[in-house]
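Each chain, letter by letter, is given below.
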There are 2 protein chains.
Amino acid sequence: MGFKVLDGGGVATPAGFQAAGIVAGLKRSGAPDMALLVSTVPATVAGAFTTNAFAAAPVQYDQRIVAGGGAVRAVIVNSGNANACTGEQGLKDAAATAACVADLLGVTADEVLVSSTGRIGVPMPMGIILDGAQKAVAALAAGDEASAIAARAIMTTDTRPKSLAVELTVGGKTVRIGGMTKGAGMINPAMKSQPPQATMLAYITTDAAVSRAALDRCVEQALDRSFNRITVDGDTSTNDTLLAFANGQAGNALLTPDSPDFPAFFDAFVHVLGWLAREMVLDGEGVTRFVELNVTGAKSDEDARICAEAIANSPLCKTAWFGADPNWGRVLCAAGYSGAALDSARVSLDYQGVPIVRNGMDAGTPEKEQVAAIARREFRIDLDLGVGDGTFTVWTCDLTYDYVKINADYHT
Amino acid sequence: MGFKVLDGGGVATPAGFQAAGIVAGLKRSGAPDMALLVSTVPATVAGAFTTNAFAAAPVQYDQRIVAGGGAVRAVIVNSGNANACTGEQGLKDAAATAACVADLLGVTADEVLVSSTGRIGVPMPMGIILDGAQKAVAALAAGDEASAIAARAIMTTDTRPKSLAVELTVGGKTVRIGGMTKGAGMINPAMKSQPPQATMLAYITTDAAVSRAALDRCVEQALDRSFNRITVDGDTSTNDTLLAFANGQAGNALLTPDSPDFPAFFDAFVHVLGWLAREMVLDGEGVTRFVELNVTGAKSDEDARICAEAIANSPLCKTAWFGADPNWGRVLCAAGYSGAALDSARVSLDYQGVPIVRNGMDAGTPEKEQVAAIARREFRIDLDLGVGDGTFTVWTCDLTYDYVKINADYHT
C-alpha cells in the first residue's frame, strides 16, 4: 500500500481546499443541511451522474459544466430537497444557486457546481437556499474539522458522517486525497464516467496536479471497484453524483494516465472511493450486516453482474441475512431467475469460506456452522456458476425492520 | 358476465373431481401439508411452470408429462419441502411419489403429476411422503368441503386458503370451473405457456370437455391477465406451477379454440385465475395494501412492463405505500431507472383517479387528498409515460414489518 490514511481527514484536508457545513433551514429537524466545498484555486473536475431518466435539475446543470471541461472552484450541496421533477423552475433554481455562490466567491457561475438530495418534486425554497449559501461561504475553513462538519451537512438518513483522507508521494511531492459521501437509501449505484445510481453523493478532493484525462480515468475505473458495486435497495436515485476535484496545490508535475506515478495515485484514489462505498453500505438504512458477494464462473462479467445484483436485491435473501438464516436455497433461487447462464449441476456456494453448496446441492456442512459463518456484522458469499470465467463483486446488506420503518415514515 | 360464482366452491366442485388434504408430517407445526387432486376419468391437462434455472425436481417431472400430451388423473402436492436443488435423488423422489400415487389409484405413473413447495435444498423425507400419499388417497372426496381442505393443505406462509368455483353454460350444458392457489412469498409470476414465477402453485379444474389446444390457449392467455401481472417481492421461485385439468364430465361438445362458446368459457377461466391471483397478492406475506398499477403511454407493452415491474418491486415505493405516504417522487424515480423510454416533461400520474403529477411535476393536489387516495386497503395507480401506446398492468402490494419478520424467521 503506497499511501497512508490520515486519521480524521476529509475533503478539506488536501491543500487549497476549504469546506463548510451549516443549518440553512431545509430540514424540519433543524439538522445541518447545506455544505460548501471550495478550492482556493481553479481545479480540474471529473464527474459521474445518475442514469435515471428523471435526472434532477442540479445533475443536469452539473453535467453541462463537467462536459464543458473548464476548471471549477466550488460545489454547493443541500440535503432536505432533491430539486428533482421540478421542471424548468428547478433548472433555473439550480443555476441561480450556482450564480449566488459564484458571486459570493467572486468567481463565474460556470465555476460552481450544485448538488441536492432529499425529497423529490418539491420546489426549492430559494430564500432559504440563498441565505444558506451566504452563511456557508462565511463559514468556510480548511482542515479536518471543516471536513467533518461538511460531511455531516450532506447527510439525509445517514446515521454518521463518512469522510476519509489519505496521503502519498507523487513525483517526490506529498499529495493528499480526501473524500466524503452520503448514502443510506436509494442506493444502487451504476454510474459510468457520466452515471452513478442511488441518492449517493460523493466528493473527492486532491491537491495533486492531475490532467483531466487522468482524473476521468480515475473516476471511471475507481467507480467499478467502489460505488458501482454497492446496492442497498436496488433503487437508483434521480440525484446520484460523484465529483472529483484536483487543484495542483501539492506542486507535483502534472499526472497523466501515462505518468509512472499514475498507478500509485490511482490505487490511493480507489482506496478512498472503496472505503467510502463500503461505509455507505454499512450505514445503509437499517443495515445490520454487510455482505460481500463474489460471483465467479459466469459466462461473462455482465452475466456475473446480473446474477450478483439479483441476489443482492432479493428481498428474500436480504431478510434471510437479517435473520442470520443460511437458507442457501434463496441465493440459488435468485441466481436461477436472474437470467444469468449457469450449470445447475455444477454451481457451488461458500459462506465466509465455509462450503454450503457443491454441484448444486447441499455441501453437508452442519447447519450450526452455516449459521456461524453468517451471524456476523460482515461476511462474504462466493458463488460459482460453473460455466465460464466471468466475475463480479457486489457489496450489499440485509433488509431489516428499520429499513421499512425509515422508509414508511420518511415523509411524516 | 356469462358465469356465476359458486359460493364456497373449489377444485372438487366440478363433476368428476375429488380432493383431499391431510397432515403428512412435513411441517414442524403439524399443519396440513399434503393435498391430492384426482379426476375420476382421464383429463386433458395444460400447464405453466417457473423459468428459474433451478427448476425443482417436480417441475421438471411435470414438464415432461405435460409436454407428452397424454391425459392425466391426479396431482399430488406437498408443502413444507420444495424438492429443489436436490439433484438426481430429487428427480427420483418426484417420480417415486407419482408412482406411489398411481399404484394407489390404479393408474399409470405417467398419469400423475407432482408439486412441491417449501424449503429449497432439503432431501425429501420419502417415508413421510409415501405414508402421506396413502392417507391422502383414503381421504379423497368430491365437493366444496374437500376443495376447502385441499386448498388449506397447500398453504405455506399463506394466512388463508384461496379457492373459487364458477358455473356457466356451454353448448347447453352446465359446466363448472374450480381453482385453488397458494402464494405468500417468492411471488413474481412470469409464466409462459410453460412458465410462471414465484412459489405460487395453482390448480384449475373443469368438467367441461376442452381440447388440449383450447386448454393451452386458456392457460397461456389467462396468465397474462392474472398471475403474470402480480408481484409480491420480485423473487421468482424454483417451483412455480399452474396446472389446468379438463375432464369432460359436463357432457358438452368438445370446446376448441374455434368453438362459438370458447370466448365465454375463456372469460370464466380468466375470472377464476384473476380472482386467485388477486387473492394471492392480498394474502402476500405481511401485505396490508393491494395496488393496481397501470402503466400507459409507453413506447411498447414490453417497456410498460419493465416500468411497472420496477415500480412494483421498488422497496422505496412499497414501504411508502405501507406508510400511506403519497411520495410520488419514488414512483417517478423507479420509472426513471427502469430503462423504459419516457418523456420526463410529459409524464402524468394519478392515485385512485386523483391527479398527482402532470407534465412531470406536482399536479398541485393538496397532500391531504393525496394521502386519502392511498390510505386504503386497495388503490389504483395510473402512470402515463407520454411516449406511445404501450400498456401493462401489475397487481402488487406494500412492503411491511411483517414481510421482514416472516422472512427473517422463516427458517427458525
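With that settled, consider the overall build of chain A. Across its full length, chain A carries eleven helices and 15 strands. For 412 residues, the compact-globule estimate of 2.2 N^0.38 gives 22 Å, and chain A sits close to it at 22 Å. Dimensions of chain A, computed from C-alpha atoms along their principal axes, come out at roughly 70 × 55 × 35 Å. For chain A, contacts bridging at least 24 residues in sequence account for 80% of all contacts bridging at least 6.

This paragraph deals with the interface of chain A and chain B. With 50 residues of chain A at the interface, the matching set in chain B holds 50 residues. Every element with two or more residues in the side of chain A that touches chain B is listed here: helix H8 (315–322), helix H9 (328–337), strand S13 (361–362) and helix H11 (401–408) of chain A. For the side of chain A that touches chain B, the element with the most residues is H9(A), which contributes seven residues. The residue inventory of the side of chain A that touches chain B, partitioned by class, reads 22 nonpolar, 22 polar and six charged.

To continue, consider the relation of the copies chain A and chain B. Overlaying chain A with chain B gives an RMSD of 0.0 Å, the required rotation being 180° about an axis along which the chain moves by 0.0 Å. When the rotation and shift are considered jointly, the pair of chain copies conforms to a two-fold rotation axis. Among all C-alpha atoms of chain A, that of A:Tyr401 lies closest to the rotation axis, at 2.7 Å. When the interface residues of chain A are mapped onto chain B, 100% of them again fall at the interface, so both copies present the same face.

Attention shifts here to the pairing of strand S8 (residues 201–206) of chain B. All names here are of chain B. Burial runs high along S8: six of the six residues are buried. Across the two faces of S8 the burial is the same, with Leu201, Tyr203 and Thr205 and Ala202, Ile204 and Thr206 all buried. As paired strands, strand S7 (residues 173–182) and S8 are joined by six bridges and run antiparallel to one another. The partner of Thr181 across the bridge, within S8, is Ala202. As paired strands, S8 and strand S9 (residues 241–246) are joined by six bridges and run parallel to one another. Residue pairing across strands places Leu201 opposite Thr241, the latter belonging to S9.

Moving on, we come to the sheet that holds S13(A). Residue and element names in this part refer to chain A. The strand order S13-S12-S11-S14-S10-S15 describes an open sheet built from six strands, whose pairing is mixed. Here the strands that pair on one side only, and so sit at the sheet edges, are S13 and strand S15 (390–397). Where strand S12 (residues 354–358) lies against S13, two bridges are found, and the strand directions are antiparallel. Looking across to S13, one finds that Val357 is bridged to Asp362. Docked against the sheet, helix H6 (residues 262–282) engages strand S10 (290–298) and S15, running at close to 50° with respect to S15.

Quick look at the packing of helix H7 (residues 301–312) of chain B against helix H9 (residues 328–337) of chain B now. All names here are of chain B. Closest axis-to-axis distance for the H7/H9 pair is 8 Å, and the angle between their directions is 135°. Judged by the inter-axis angle, H7 sits oblique to H9. The element H7 and its partner H9 pack so that their crossing is right-handed. Mapping the contact onto sequence places Cys307, Ala310 and Ile311 in H7 and Val331, Ala334, Ala335 and Tyr337 in H9. Counted by class, the contact of H7 with H9 contains seven nonpolar, no polar and no charged residues.

Right, let's talk about the environment of A:Phe392 for a bit. Residues and elements named next belong to chain A. Relative to the helices and strands, Phe392 resides in strand S15. The class of Phe392 is buried, set by 23 C-beta atoms lying within 10 Å. With sequence-adjacent residues up to four places away left out, Phe392 is seen in contact with Val295, Asp301, Ala304, Arg305 and Ala308.

Residues and elements named next belong to chain A. Take Phe3: it is sitting in the segment before strand S1 (4–5). Distance from Phe3 to Gly353, taken between C-alpha atoms, is 29 Å for residues 350 residues apart in sequence. Beyond its immediate chain neighbours, meaning those up to four positions away, Phe3 contacts Val166, Glu167, Leu168, Ala268 and His271.

Rules used in this analysis
Residues numbered from 1 in each chain as written. Chains lettered and ligands numbered in written order. Predicted model: local features only at pLDDT ≥ 70, side-chain atom pairs only at ≥ 80, totals over all residues. Helix = DSSP H or I, 4+ residues; strand = E, 2+ residues; numbered from the N terminus. Rg over C-alpha atoms; globule rule 2.2 N^0.38 Å. Contact = placed C-beta atoms within 7 Å. Nonpolar A, V, L, I, M, F, W, Y, C, P; charged D, E, K, R; others polar. Least-squares fit on C-alpha atoms with pLDDT ≥ 70 in both. Buried ≥ 20, exposed ≤ 12 C-beta atoms within 10 Å, placed from the backbone. Pairing = 2+ DSSP bridges. Axes fitted to C-alpha atoms, helices over the stretch in contact; angles between N-to-C directions. Parallel < 35°, antiparallel > 145°, perpendicular 65-115°, else oblique. Left-handed = near helix turned anticlockwise from the far one by under 90°.

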